[in-house]
Amino acid sequence: MTRITRKYHIRKNREVIYAGITGRPLEERLAEHRQDFGNAISISQVGNATTREAARKWEDEQDDKGIPTSKT
């Protein structure tokens with residue numbers, strides 16, 4: 001299995017406002033999220049790159065914790 005999917009959090013004022021997964025560079029995702037959330041956000045990778053399947057499971061767990069994801 002190829003481990004090319006990254007898990008990440010978008011933060012605003014230290015608060016996690018979004019959790020996502022991507023196979024693209026995080027800088028690209030940050031630029032896209034700034035269109036929705038404004039410029040005062042940051043992005044941080046969570047853990048190591050992983051498989052798409054494992055990343056989707058993590059995203060489900062984030063959603064269960066009440067952190068907005070692409071699924072909400």
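Conventions and cut-offs
Residues numbered from 1 in each chain as written. Predicted model: local features only at pLDDT ≥ 70, side-chain atom pairs only at ≥ 80, totals over all residues. Heavy atoms only, no water. Helix = DSSP H or I, 4+ residues; strand = E, 2+ residues; numbered from the N terminus. Rg over C-alpha atoms; globule rule 2.2 N^0.38 Å. Buried < 20%, exposed > 50% of the residue type's maximum accessible area, 1.4 Å probe, protein only. Contact = heavy atoms within 4.5 Å. Areas by Shrake-Rupley, 256 points an atom, 1.4 Å probe, with all protein chains shown as cover. Salt bridge = Lys/Arg side-chain N within 4 Å of Asp/Glu carboxyl O. Phe/Tyr/Trp six-rings, centres within 6.5 Å; stacked < 30°, edge-to-face > 60°.

Q: Quick question: what am I supposed to make of the overall build of the protein here?
A: Summing up its helical and strand segments, the protein has 2 helices and 3 strands in all. When the elements of the protein are put in sequence order from the N terminus, they spell out β-β-α-β-α. Here the protein has a C-alpha radius of gyration of 12 Å; the compact-globule value for 72 residues is 11 Å, and the two agree. The principal-axis extents of the C-alpha atoms in the protein amount to approximately 35 × 25 × 20 Å. For the protein, the residues scored as buried account for 33% of the 72 residues in total. For the protein, restricting intrachain contacts to residue pairs at least 6 apart in sequence, the fraction spanning at least 24 positions comes to 58%. For the protein, the accessible surface area stands at approximately 4,700 Å², while carbon and sulfur atoms represent 44% of it.

Q: For this particular structure, what's the right way to read the pattern of salt bridges?
A: Opposite charge on two side chains permits pairing when their charged atoms draw close. Taken as a whole, this structure holds 4 salt bridges when the rule is applied. With a closest N to O distance of 2.1 Å, E32 and R29 form a salt bridge. Of this pair, E32 and R29 both sit in helix 1 (residues 26-37), separated by 3 residues, roughly a single helical turn. In this structure, R56 and E59 form a salt bridge, with 3.6 Å as the shortest nitrogen-oxygen distance.

Q: Can you walk me through unusual backbone geometry in this structure?
A: As a rule of thumb, non-glycine residues mostly have phi less than zero, and peptide bonds are mostly trans rather than cis. A positive phi angle, close to 55°, is found at N13, a residue other than glycine. Within the secondary structure, N13 sits in the loop between strand 1 (5-12) and strand 2 (15-22). Its identity is not glycine, yet R14 carries a phi of approximately 70°, on the positive side.

Q: Help me understand the packing of aromatic side chains in this model?
A: Ring pairs (aromatic) are described by centroid distance and by the angle formed between their planes. A complete count under the given rule lists 2 aromatic pairs for this structure. With centroids separated by 6.4 Å and ring planes inclined at 35°, the aromatic side chains of Y8 and Y18 adopt a geometry described as tilted. You can see Y8 sitting in strand 1 and its partner Y18 sitting in strand 2, a full 10 residues away along the chain. The pair formed by Y8 and Y18 is uniform in burial state, with each residue classed as buried.

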